[in-house]
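In case you want the letters, here they are:
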Amino acid sequence: MRAVLTGDIINSQSNNDWQPLLKKVLSHYGEEPTQWELYRGDSFQLELNPDSALVAAIHIKAAIKTFSTLDVRIAIGLGDKKHHAKKVTQANGTAFVNSGTAFDAIKKNTLVLKSNDLQFDSIINLMLSLATLTMDIWPPVTASIVKTQLENPQANQTELSSLLGKSQSAISKALNRAGYSEISGLLQYYSQIVKQHKC
């Protein structure tokens, strides 16, 4: 089973500085262009292991939200991969179809998932719609702290304060405002369900 993220940058014309940061985050999860690719100016696709799909989506979200005028829409598709290609945008399989179908159906929600398990989809999409109520309004400073925490999952708040040059109390307040504890719980739930059965 594979996961495919299809996304685009909201309000991309307002700021041209996001591309290097997005490329850096995508490179954390795979190689260009076989596993990730930017296309049509402000769209991207990333193929990776299902276990890492949701954390990658939230990582991308946090990176893009460090720019005050930007946001991102992401659809996660879970399924198989039938055709391998030199470019991820030319590969196909149900993971790619599910990702594209979910992305085309995105309305108000900025983060959605589609698999071959309708029950799992309904539960996780309800969770994602609640999570994005908080994530969609992350201010840049909060998004930057979440991004750094995701990139250094073992780091405690003292270590994060050293990395970011901020006080430990500021880190703690920002992570609380970001709903980071709840997001961590969502990531754990997602990981457990994906490992238990093929969605």
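In this text the structure is predicted, and so the values were computed from the model without any measurement. (Residues numbered from 1 in each chain as written. Predicted model: local features only at pLDDT ≥ 70, side-chain atom pairs only at ≥ 80, totals over all residues. Heavy atoms only, no water.)

A.B. asks: Just to check I follow, could you spell out the pattern of salt bridges for this structure?
C.D. replies: Note on pairing: side chains with opposite charge can pair once their charged atoms come close. Under the criterion given, the structure shown has 8 salt bridges. Notably, a salt bridge pairs aspartate 80 with lysine 82, separated by 3.6 Å at the nearest N-O pair. In this structure aspartate 80 comes out as partly exposed when scored by relative accessible area, which is 27%. In this structure, glutamate 151 and lysine 147 form a salt bridge, with 3.0 Å as the shortest nitrogen-oxygen distance. Of this pair, glutamate 151 and lysine 147 both sit in helix α5 (residues 140-151), 4 residues apart, which is roughly one turn of that helix. With relative accessibility at 15%, the residue lysine 147 sits in the buried group. Among the ionic contacts, a cluster of salt bridges with common partners joins Lys61, Lys65, Asp71 and Asp136. (Salt bridge = Lys/Arg side-chain N within 4 Å of Asp/Glu carboxyl O. Buried < 20%, exposed > 50% of the residue type's maximum accessible area, 1.4 Å probe, protein only. Helix = DSSP H or I, 4+ residues; strand = E, 2+ residues; numbered from the N terminus.)

A.B. asks: Any chance you could explain the packing of helix α1 (residues 18-27) against helix α2 (residues 50-64) here in plain terms?
C.D. replies: The axes of two packed helices give the description: the angle between them and the distance between them. At their nearest, the axes of α1 and α2 sit 10 Å apart, and the two run at 160 degrees to each other. Between α1 and α2, the crossing angle belongs to the class labelled roughly antiparallel. Here the hand of the crossing between α1 and α2 comes out right-handed. Residues Trp18, Leu21, Leu22, Val25 and Leu26 of α1 form the contact with α2, whose participating residues are His59, Ile60, Ala63 and Ile64. (Axes fitted to C-alpha atoms, helices over the stretch in contact; angles between N-to-C directions. Parallel < 35°, antiparallel > 145°, perpendicular 65-115°, else oblique. Left-handed = near helix turned anticlockwise from the far one by under 90°. Contact = heavy atoms within 4.5 Å.)

A.B. asks: I'm lost on a nonpolar patch on the surface in this one. Help?
C.D. replies: Together, Leu126, Leu130 and Leu133 line one region of the surface with nonpolar side chains, adding up to about 330 Å² of accessible area. Tracing the chain through its elements places leucine 130 in helix α4 (residues 118-135). Residue classification places leucine 130 among the exposed positions, given a relative accessible area of 52%. (Patch = residues over 30% accessible without salt bridge, like charges linked within 9 Å, V, L, I, M, F, W, Y side chains within 5 Å. Areas by Shrake-Rupley, 256 points an atom, 1.4 Å probe, with all protein chains shown as cover.)

A.B. asks: How should the packing of aromatic side chains be read in this particular structure?
C.D. replies: Here a ring pair, both rings aromatic, is described through the centre-centre distance and the interplanar angle of the planes. All told, the structure shown has 1 aromatic pair when counted by the stated rule. On the basis of an interplanar angle of 40 degrees and a centroid distance of 6.4 Å, the ring pair of phenylalanine 120 and tyrosine 190 is categorised as tilted. With phenylalanine 120 in helix α4 and tyrosine 190 in helix α8 (residues 180-196), this pair connects stretches of sequence that are 70 residues apart. Residues phenylalanine 120 and tyrosine 190 agree in their burial class; the two are buried. (Phe/Tyr/Trp six-rings, centres within 6.5 Å; stacked < 30°, edge-to-face > 60°.)

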